[in-house]
Amino acid sequence: MESLLEPINLDSYQPVRQEAYQALREAILTGRLEPGTRLVERKIARQLGVSRTPVREAIRKLELEGLVEHHPRRGVVVARMSTREAFEVYSIRAVLEGLAARLAAEHINPVQLLKLNEIVRAMEQACEEENEERLQELHQEFNETVWTAAESPRLHQMINNLADYIVGFTRVGYSVPGRVRAATREHRELVEALARGDGEKAEKLARQHIENSRHAYFVQVALRDQKNTNI
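The protein is annotated in an unreviewed UniProt entry as HTH-type transcriptional regulator McbR from Neomoorella thermoacetica.

Below is the structure:
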C-alpha cells in the first residue's frame, strides 16, 4: 500500500476525518487500493499525514458503506464488490445515463456540442497514443458535459452518486483489448445523435454504451478470477 495514498490537505474546511474518508474511498473506488488489500491504521495515518483517530473513524464509515470488511486474523481489508452489486450499478447507470442523453438531445447548445466534438477528437488522439490516463480524464469530461446539457440538476446528482463507481468500472473495462477504441466510436455516435436532436437515438446509444461497458467489465473480472484460481 506504500505510495498509493497522498497526504491530505489539513487546511481544508472539512474535518480531518472526512478528508481521510474521502481519500480512502476514492483510492478504493478507483482501484488504487485493490480488493483484498489490508488496511493498517498506522500505515494509512502516516501516508495521509494524520493521526490514527480520523483514520479509524473513516474505516468505520467505509465499513458501513460496504467498501471494507473485517476478516479473521487479517483485520480490515478492501471488500470485493459482488457480481450482483456490480450488475445493479450498471443497470441503474444504463437507465439514468440513457435519460440524460435523451434530455441532452433536447437542450444541448452549440457551445456544448462544440466541446463534445473536441473531446471526442482528443479521445481519438489519446487512443492512438495509448494514453490511458488522458482517456480517463476525457471520459469523465465527456460525461459531465452530457449530464450538464440535460439541464436536470436532480438527475445529474443521482448520476454523480454513482460517479466514483463509474470511474473504477471504466478503468477495469478499458483494459479489455479493443474496448477503448470501441468506446470512443460509441462516444462519436452519441455526439452525432445529439447534434441531430434525436433524443430516442441518443438514449438508445447511451444505454448500449453502458451495456457494452458492462460486458467488458465482467469479461475482465472473469479473466482476473481465472488467473487467480490458476496461481
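**Student:** Please explain the environment of Arg171 as it appears in this structure.
**Tutor:** Assignment of secondary structure puts Arg171 in helix α8 (residues 163-173). Looking at Arg171, the relative accessible area reads 25%, which means it is partly exposed. Separated by 141 residues in the primary sequence, Arg171 and Thr30 have C-alpha atoms spaced 7.5 Å apart. When residues no more than four places from it in sequence are discounted, the contact partners of Arg171 are Thr30, Glu132, Glu133 and Gln136.

**Student:** Any chance you could explain the packing of aromatic side chains here in plain terms?
**Tutor:** What characterises a pair of aromatic rings is the spacing of the ring centres plus the angle enclosed by the ring planes. Under the counting rule described, the total for this entry stands at 3 aromatic pairs. On the numbers, 5.2 Å between centres and 80° between planes, the contact of Tyr217 with Phe218 is edge-to-face. A relative accessible area of 8% places Tyr217 in the buried class. Geometry around Tyr21 places Lys61 over its ring, the cationic atom sitting 4.2 Å from the centre.

**Student:** Sorry if this is basic, but what is going on with helix α2 (residues 41-48) here?
**Tutor:** The periodicity of an α-helix, 3.6 residues per turn, causes residues three or four places apart in sequence to face the same way. Of the positions making up α2, those classed as buried are Glu41, Ile44, Ala45, Gln47 and Leu48. Burial along α2 is one-sided: seen end-on, the buried residues are contained in an arc of 165°. Where α2 is buried, its residues meet α1 (16-29) and α3 (52-65). Backbone geometry just downstream of α2 places Gly49 in the positive-phi region, at approximately 75°.

**Student:** I'm lost on the layout of surface pockets in this one. Help?
**Tutor:** Once rolled over the atoms, a probe with the size of a water molecule shows which space is left empty. In this model, the largest pocket occupies a volume close to 960 Å³. Around the largest pocket, the lining is made up of 34 residues, and of these Pro35, Met81, Phe169, Tyr217 and Arg224 lie nearest the centre. Elements supplying a minimum of two residues to the lining of the largest pocket: α1, α4 (83-107), α8 and α10 (199-230). Grouping the constituent residues of the lining of the largest pocket by class yields 18 nonpolar, 7 polar and 9 charged. Formed jointly, the lining of the largest pocket draws a minimum of three residues from each of two domains, domain 1 (16-78) and domain 2 (83-229).

**Student:** When you look at the pattern of salt bridges in this model, what are you seeing that I'm missing?
**Tutor:** A side chain with one charge can pair with a side chain of the opposite charge if their charged atoms come near. Counted under the stated rule, the structure contains 10 salt bridges. Note that Arg134 and Glu137 form a salt bridge whose closest N and O atoms lie 3.4 Å from each other. Within this pair, Arg134 and its partner Glu137 are both found in helix α6 (residues 132-149), separated by 3 residues, close to a single helical turn. Assessed through its relative accessible area of 34%, Arg134 is described here as partly exposed. A salt bridge links Arg179 to Glu186; the shortest N-O distance between them is 2.9 Å. Of the residues examined, Arg179 reaches a relative accessible area of 7% and is grouped as buried. Several salt bridges share partner residues, and in doing so they unite Glu41, Arg52 and Arg56 into one network.

**Student:** I would appreciate a short explanation of the domain arrangement of the protein in the present structure.
**Tutor:** Many analyses report the size of an interface as the accessible area lost when the parts associate. Under the domain assignment used here, the protein contains domain 1 (16-78) and domain 2 (83-229). Distance from the C-alpha centre of domain 1 to the C-alpha centre of domain 2: 28 Å. Listed by partner, the interface residues are 5 residues for domain 1 and 5 residues for domain 2. When residues of domain 1 are sorted by the area they lose upon contact with domain 2, Arg25, Leu29 and Thr30 head the list and together hold 81% of the total. Linking domain 1 with domain 2 are 0 salt bridges.

**Student:** Can you help me understand the nonpolar core in this one?
**Tutor:** In terms of nonpolar packing, the biggest core is built from 67 residues, with Leu48, Phe142 and Leu194 touching the most fellow members. For this core, the element with the highest residue contribution is α4, accounting for 10 residues. Leaving out residues up to four positions away in the same chain, Phe142 has contacts with Leu116, Ile119, Val120, Met123, His187, Leu190 and Val191.

Parameters at a glance
- Residues numbered from 1 in each chain as written.
- Predicted model: local features only at pLDDT ≥ 70, side-chain atom pairs only at ≥ 80, totals over all residues.
- Heavy atoms only, no water.
- Helix = DSSP H or I, 4+ residues; strand = E, 2+ residues; numbered from the N terminus.
- Buried < 20%, exposed > 50% of the residue type's maximum accessible area, 1.4 Å probe, protein only.
- Contact = heavy atoms within 4.5 Å.
- Phe/Tyr/Trp six-rings, centres within 6.5 Å; stacked < 30°, edge-to-face > 60°.
- Lys NZ or Arg CZ within 6 Å of the ring centre and 35° of its normal.
- Arc of directions from axis to C-beta.
- 1 Å grid on protein atoms, 1.4 Å probe; cavity = no way out; pocket = protein on both sides within 12 Å on 5 of 7 lines; lining within 4 Å.
- Points joined across faces, edges and corners; volume = space filled by probe spheres on them.
- Nonpolar A, V, L, I, M, F, W, Y, C, P; charged D, E, K, R; others polar.
- Domains from an automatic or database assignment.
- Salt bridge = Lys/Arg side-chain N within 4 Å of Asp/Glu carboxyl O.
- Buried area = accessible area lost by both parts, 1.4 Å probe.
- Core = buried A, V, L, I, M, F, W, Y, C linked by side-chain atoms within 4.5 Å.

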